[in-house]
Amino acid sequence: MGTKEQGQRDRREHQEDRGHQERRERRALLAPLVTCLLIAVPDLLFEQVPPLITLLLIGPLLACARLGVRHTVLVCCWSAVLGLAMGIGNETVPSTGFGIRWGGLLVGCALTVYAARQRDRLRDRLARAREVARVTQTAILRPISRTFDGTRVCTRYHSVSHESDVGGDLYDVAVTPYGLRVLVGDVRGHGVEGLRLAADTITAFRELAYTATDLTTLTTGLDALLAPELGPEDFVTAVLAEFAPGEVRLVNCGHPPPLRSGHRVELLEPLVPTTPLGLGPDPHQYRVRLQPGDRLLLYTDGLTEARDPEGAPFPLLGEAALALREPLPDEALRSLHARLLAHTGTALADDLALVLCQPTEATVPAPVP
């Protein structure tokens, strides 16, 4: 249900963007029309002004650079009519000189229409390519809002890359024979290279999550699969969570610590620090009790490293305590994201992944096998 709602929101936003774009094009249409009129008026009013008919091509040039084919044709017709009116006003319509100048104007208008058509074709191809990339990226990093094996999982993602909806932050979930496992990570870098490393990390997690008997084995396997794909300075910070009755088991590889929200809000720091994936980590698992109603927030450093205009960091514990009071997990993430934007006062400068987990069944913790 959450994925469908996200898709509907995306379609509504796309339709709103198209409506805004059409309104901007209508406003932009005034500039070339007024430019042509300003060029023609002196010639129509004053006899001593030299012929300016060739300057009317400025309007179509402006139109083809910013507008579509339909609006460019409209501006070309307007320029041609004004040019003909200028010739009639100067009584030079039958002359050869006027015919050459007006014919040159028509040829220039035709070329601007052709340029606008090519521009529209390129824009359509780019839009289709972006849509294919968006669908592919959604398959890699799908939005989640559902219950897995007794745990409600909701996600929210923001990428700073203009070329992609997915950046260097990543998350994934897997319902395995050993319980629900969640991965949240952050690869070094952005853009296409960051996306490639994020996809490699998620692929490796999906390959190993169902067979690794515990999180330490899973972490070691991830490091072994990713090491050949990483450059000398590349690495992946990650936190892995495995939900069991009444508790969560964690392995943290150089990643910001998870946040538990319940009777109080606290960061779940690992007892033994572990290096990121790709740097030969020695993983250590630690267990944390989950009381009824507790929530576990997994996140990337886009949350902790956000700054306001004065450079003050985002007060995570205080803002999370307020945002996670929302009764619905989706609303809690939306509130936290809104508070983050209010703190920065502008668009986020880093990728951000948020994963909120809330067990729906409270039981006694299982013994360690």
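Described below are features of the structure shown in this document. (Residues numbered from 1 in each chain as written. Predicted model: local features only at pLDDT ≥ 70, side-chain atom pairs only at ≥ 80, totals over all residues. Heavy atoms only, no water.)

**Some thoughts on the sheet that holds strand 5 (residues 236–244)**
Note the following rule: DSSP calls a pair of strands paired once it identifies at least 2 bridges connecting them. Only DSSP runs of H or I with at least four residues qualify as helices, and only runs of E with at least two residues qualify as strands; both kinds are numbered from the N terminus onward. Angles shown run from 0 to 180 degrees and are taken between the N-to-C directions of axes, each axis being a line fitted to C-alpha atoms and, for helices, limited to the stretch in contact. Any two residues whose heavy atoms approach within 4.5 Å are treated as being in contact.
The antiparallel open sheet is built from five strands, whose spatial order is 3-4-5-6-9. At either margin of the open sheet sits one strand with a lone partner, and together these are strand 3 (169–176) and strand 9 (286–289). Neighbour-to-neighbour, the strand axes of this sheet turn through a mean angle of 20°, independent of strand direction. The sheet contact formed by strand 6 (residues 247–253) and strand 9 spans four bridges and is antiparallel. Its bridge partner being in strand 9, Arg249 is matched across the sheet by Arg287. Those strands touched by helix 6 (residues 215–226) are strand 4 (179–187), strand 5 and strand 6, and its axis lies near 150° from that of strand 5.

**Some words on unusual backbone geometry**
Short version of the rule: Each residue is placed in one exposure class: buried if its accessible area under a 1.4 Å probe, protein chains only, is under 20% of its type's maximum, exposed if it is over 50%, and partly exposed if it falls in between.
With phi around 50°, Asp149 is a residue other than glycine that occupies positive phi space. Examined against the element boundaries, Asp149 turns out to sit in the loop between strand 1 (145–148) and strand 2 (151–158). By relative accessible area, Asp149 is classed as exposed at 54%.

**What to know about the pairing of strand 4**
Strand 4 sits mainly inside the fold: nine of its nine residues count as buried. Alignment of strand 3 against strand 4, held across eight bridges, turns out to be antiparallel. Paired with Tyr171 across the two strands is Val184, which belongs to strand 4. What sits between strand 3 and strand 4 in their antiparallel hairpin is a turn of two residues. Note that strand 4 and strand 5 share eight bridges and pair antiparallel. Counted as the bridge partner of Asp186 is Thr237 from strand 5.

**Re a positive patch on the surface**
This is how the line gets drawn: Any residue with relative accessible area above 30% and no salt bridge may belong to a patch, with like charges joined within 9 Å and the nonpolar Val, Leu, Ile, Met, Phe, Trp and Tyr side chains within 5 Å. Note on areas: Shrake-Rupley, 1.4 Å probe, and residue coverage restricted to the protein chains presented here. One side-chain nitrogen of Lys or Arg within 4 Å of one carboxyl oxygen of Asp or Glu is enough to make a salt bridge. Counted charges follow a simple rule, with Lys and Arg positive, Asp and Glu negative, and His plus the chain ends left uncounted. Where a charge lies is defined by one atom per residue type: Lys uses NZ, Arg uses CZ, Asp uses CG and Glu uses CD.
On the surface, Arg24, Arg26, Arg27 and Arg70 cluster together into a patch of positive charge. Counting residues per element, the positive patch draws most heavily on helix 1 (residues 2–45), which supplies three residues. As for its placement among the helices and strands, Arg27 is situated in helix 1.

**Some remarks on helix 9 (residues 329–344)**
What counts, and what does not: To estimate how far a helix should extend, the number of its residues minus one is multiplied by 1.5 Å.
Here helix 9 is 16 residues long and its end C-alpha atoms lie 23 Å apart, about the 22 Å a rise of 1.5 Å per residue gives. Buried positions along helix 9 lie against strand 2, strand 10 (295–299), helix 7 (301–304), helix 8 (316–323) and strand 11 (352–359). Where helix 9 ends, the next residue or the one after it, Gly345, has phi of about 75°, a positive value.

**Looking at the pattern of salt bridges**
The final tally for this structure, using the stated rule, is 14 salt bridges. The partner of Arg188 in a salt bridge is Glu233, with the nearest N and O atoms 3.7 Å apart. Linking Arg188 in the loop between strand 4 and helix 5 (191–208) with Glu233 in the loop between helix 6 and strand 5, this pair joins segments that are 45 residues apart in sequence. Judged by its relative accessible area of 38%, Arg188 falls in the partly exposed class.

**Quick word on the nonpolar core**
Cut-off, in case you're wondering: By nonpolar core we mean a set of buried residues, namely Ala, Val, Leu, Ile, Met, Phe, Trp, Tyr and Cys, connected to one another through side-chain atoms within 4.5 Å.
If you look at the biggest cluster of nonpolar residues, it comprises 46 residues, and the most contacted ones within it are Val182 and Phe243. The contacts of Phe243, once residues within four sequence positions are left out, are Thr151, Gly179, Leu180, Val182, Val248, Leu290, Leu296, Cys357 and Pro359. Residues Cys154, Ala323, Leu336 and Leu352 belong to the second largest nonpolar core, which totals 19 residues.

Nothing here speaks to function; it is all geometry.
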